[in-house]
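# What the coordinates show
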Amino acid sequence: MDKIQENIPLAQFTTFRIGGPAKFFIEVKEKDDLSEAIKWAKENKEKFYILGGGSNIIINDKGVDGLVVRMANDNIKIHGERMETQAGAVLARAVRLAMGDNLSGLEWAAGIPRATIGGAVRGNAGAFGSSMNDIVETIEVFNIKKGKFELFSHKDCCFDYRESVFKKDNNYLIWNAVLKLAKGNKKEIESAVNKFLESRQNRQPKLPSAGSVFKNLPIDYLKENNANIADLANQAGVIKDGKVGAGWLIELAGLKGKKIGGAKVSLEHANFIVNTSQATAEDIIMLISYIKQQVRNRFNIQLQEEVQYLGF
Ligand SMILES: Cc1cc2nc3c(=O)[nH]c(=O)nc-3n(C[C@H](O)[C@H](O)[C@H](O)COP(=O)(O)OP(=O)(O)OC[C@H]3O[C@@H](n4cnc5c(N)ncnc54)[C@H](O)[C@@H]3O)c2cc1C
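These numbers were taken from a predicted model, which means no experiment stands behind them.

### Digging into the overall build of the protein chain
Regarding its fold elements, the protein chain presents nine helices and 21 strands. Rg of the C-alpha trace for the protein chain: 20 Å, near the compact-globule value of 20 Å for 312 residues, within the 12% margin. Along the three orthogonal principal directions, the C-alpha set of the protein chain runs to about 55 × 50 × 35 Å. Within the span of the protein chain, comprising 312 residues, buried residues form 50% of the whole. By sequence separation, contacts in the protein chain at least 24 residues apart represent 65% of the contacts at least 6 residues apart. Summing over all exposed atoms, the protein chain offers an accessible surface of approximately 14800 Å²; the carbon and sulfur share of this is 47%.

Set out below in structure tokens:
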């Protein structure tokens, strides 16, 4: 395939600004390019990896030994209350277009930088009590095993907290999404977007990061593993939608500001790790494992990563 490039640095495609080069790299805009790229990788016995906006990802410093497919299909069309958006479209643009058409349902996503619709669907991205689960109507995927495109209903997606069928089964590449929004009031939509942007402005670090590193924890899990911590969370009023923020626990463990190499637990939000200057993926991974070990040793609580690893 002549569109496939070699030895392309990947750090530029991530919000962490970290990661070595892809042995092979392609940006896909058309369905044929996606199916042919996957076929090429299979025929050439190369592994392949999908990259969206790179806003929830840690890429190996040594690079990625295989074909990295970057989703560049980014058309968005609005029909009444439905938004048809390709997987490579940036979520923030979808928010703006929805706002322009007085459509409500995506306000919560304002201020998430660079994330694509595909990445957001796969991880059921969400904030402020809402998530993709609330608005996805259908998803078109490329089925790798069958080598063809298929349609998934909302039910087929099996959304859960930061989970979906697409995260559990790498056989599906998200190509397109139909989102069901609702006609709303222009002023109310704008005011919600501004409120969420302001909230992010105050608590989101400015240095490069990949958003929340760990998943928040169900209060029932805390009760089972450490009743004292569960009580403390209750008293502190930090239980939201039945979950306790991982950042609250990390701060409680005294890890805010902890640094390994160029990676640091953010002072603004302890569930963010920031790249202070020349952090490597290794620095980030060492800090992640240090945090997990400390929280486990001190509180008997196991943190789980929300960030995804690519090329390890
Ligand atoms: C400052 C900041 C704030 C953030 N705030 C939030 C937040 O409030 N809520 C939240 O949920 N997340 C948040 N995030 C994390 C991130 O933006 C989301 O997880 C986002 O959905 C990831 O999308 P992406 O396109 O960047 O995916 P990537 O990081 O490129 O990829 C993530 C995973 O999805 C896979 N993938 C990507 N596209 C596809 C596709 N089309 N088909 C199949 N697999 C695919 C990749 O292979 C990878 O495994 C934040 C990140 C940052 C940097």
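### Quick notes on the domain arrangement of the protein chain
When cut into domains, the protein chain gives domain 1 (5-71), domain 2 (76-190) and domain 3 (205-310). The centre of domain 2, based on its C-alpha atoms, is set 27 Å off from the matching centre of domain 3. Of the residues lining the interface, six residues belong to domain 2; the matching set on domain 3 comes to six residues. Together domain 2 and domain 3 conceal approximately 540 Å² of surface at their shared face, both sides included; 45% is due to carbon and sulfur atoms. Of all residues in domain 2, Tyr161, Arg162 and Lys167 give up the largest surface area on contact with domain 3, accounting jointly for 73% of the area buried on that side. The tally of links between domain 2 and domain 3 comes to two salt bridges. As a salt-bridge pair, Glu163 and Lys215 come within 2.8 Å of each other at their nearest N and O atoms.

### Description of the site of the ligand
Taken together, the neighbourhood of the ligand is formed by 32 residues, with Ile50, Gly52, Ser55, Thr116 and Gly126 sitting nearest. Contacts to the ligand include Arg122, whose side-chain N or O atom sits 3.2 Å from an oxygen atom. Contact with the protein chains hides 93% of the accessible area of the ligand, taken as 970 Å² for the molecule alone. Elements with a contribution of two residues or more to the shell around the ligand: β3 (48-51), α3 (117-122), β9 (126-127) and β13 (172-180). The biggest single contributor to the shell around the ligand is α3, with four residues. Broken down by class, the residue content of the shell around the ligand amounts to 15 nonpolar, 14 polar and three charged.

### Structural notes on the pattern of salt bridges
Inspection of the entire model under this criterion finds 13 salt bridges. For Asp33, the salt bridge goes to Lys3, with nearest N and O atoms at 3.0 Å. Separated by 30 residues along the polypeptide, Asp33 in helix α1 (residues 31-43) and Lys3 in the segment before β1 (5-9) bring together distant segments of the chain. Assessed through its relative accessible area of 9%, Asp33 is described here as buried. On the basis of relative accessible area, Lys3 is assigned to the partly exposed category, the value being 43%. Between Glu46 and Lys23 there is a salt bridge, with the nearest N and O atoms lying 3.0 Å from each other. On the criterion of sequence distance, the pair formed by Glu46 in the loop between α1 and β3 and Lys23 in strand β2 (residues 21-28) is long-range, its members being 23 residues apart. What makes Glu46 buried here is its relative accessible area of 16%.

### Points about unusual backbone geometry
A positive phi angle, near 55°, is found at Lys45, a position not held by glycine. Mapped onto the secondary structure, Lys45 falls in the loop between α1 and β3. The phi angle at Arg162 is positive, at roughly 55°, despite the residue not being glycine. Among the secondary structure elements, Arg162 is positioned in the loop between β12 (148-153) and α4 (165-168).

### Some points on the state of the cysteines
By the definition in use, this model includes zero disulfides. A disulfide-free cysteine, Cys157 has its sulfur positioned 7.6 Å from the sulfur of Cys158, the nearest such atom.

### What to know about the nonpolar core
Of all hydrophobic cores here, the largest spans 54 residues; its most connected members are Leu106, Ile139 and Phe166. With six residues, the single largest contributor to this core is β13. Sequence-distant contacts of Ile139, defined by excluding residues within four places in its chain, comprise Val121, Glu150, Leu151, Phe152, Cys157, Phe166, Ile174, Asn176 and Ala177. One finds Ile250, Ile260, Val295 and Phe299 within the second-largest nonpolar core, a separate group that totals 35 residues.

### Thoughts on the packing of aromatic side chains
Tallied over the full model, the rule gives nine aromatic pairs. Taking the centre distance of 4.3 Å and the plane angle of 15° together, the rings of Phe128 and Phe196 count as stacked. Placement of Phe128 in the loop between β9 and β10 (130-131) and of Phe196 in helix α5 (residues 186-203) is noted, with a sequence separation of 68 residues between them. In this structure Phe128 comes out as partly exposed when scored by relative accessible area, which is 34%.

Quick notes on the rules
- Residues take numbers from 1 onward in each chain, read along the sequence in its written order.
- Given that the model is predicted, a residue must reach a pLDDT of at least 70 before its local features are reported, and side-chain atom pairs must reach 80 or more before they are shown or counted; all residues, however, enter totals for whole chains, interfaces and linings.
- Calculated side-chain values reflect all of the structure's heavy atoms, with hydrogen atoms and water omitted.
- In this text, helices come from DSSP runs of H or I with a minimum length of four residues, and strands from runs of E with a minimum of two, each type numbered from the N-terminal end.
- Atoms considered for the radius of gyration are the C-alpha atoms alone. The globule rule reads 2.2 Å times the number of residues to the power 0.38.
- Burial classification: accessible surface area is computed with a 1.4 Å probe over protein chains only, and a residue below 20% of its type maximum counts as buried, one above 50% as exposed, and the rest as partly exposed.
- Residues are treated as being in contact if the distance between any of their heavy atoms lies within 4.5 Å.
- For the area figures, the Shrake-Rupley method with a 1.4 Å probe applies, and any residue is considered shielded solely by the protein chains shown.
- For every domain, the bounds stem from an assignment made automatically or drawn from a database.
- Defined in terms of a 1.4 Å probe, buried area is the accessible area two parts forfeit on being brought together, summed over both.
- We count a salt bridge whenever a side-chain nitrogen from Lys or Arg sits within 4 Å of a carboxyl oxygen from Asp or Glu.
- A molecule or strand has a residue near it when one of that residue's heavy atoms lies within 4 Å.
- Two N or O atoms form a polar contact when they lie within 3.5 Å of each other; inside protein one atom must be a possible hydrogen donor and the other a possible acceptor, and for residues adjacent in sequence the pair counts only when both atoms belong to side chains.
- Residue type decides the class: Asp, Glu, Lys and Arg count as charged, Ala, Val, Leu, Ile, Met, Phe, Trp, Tyr, Cys and Pro as nonpolar, and the leftover types, Gly among them, as polar.
- Throughout, a disulfide means two cysteine sulfur atoms within 2.5 Å of one another.
- Within this scheme, the nonpolar core is defined by two criteria: the residues are buried Ala, Val, Leu, Ile, Met, Phe, Trp, Tyr or Cys, and they are joined through side-chain atoms within 4.5 Å.
- Pairs were defined over the aromatic rings of Phe, Tyr and Trp, the Trp ring being its six-membered one, requiring ring centres within 6.5 Å. Orientation was assigned from the angle between planes: stacked under 30 degrees, edge-to-face over 60, tilted for the rest.

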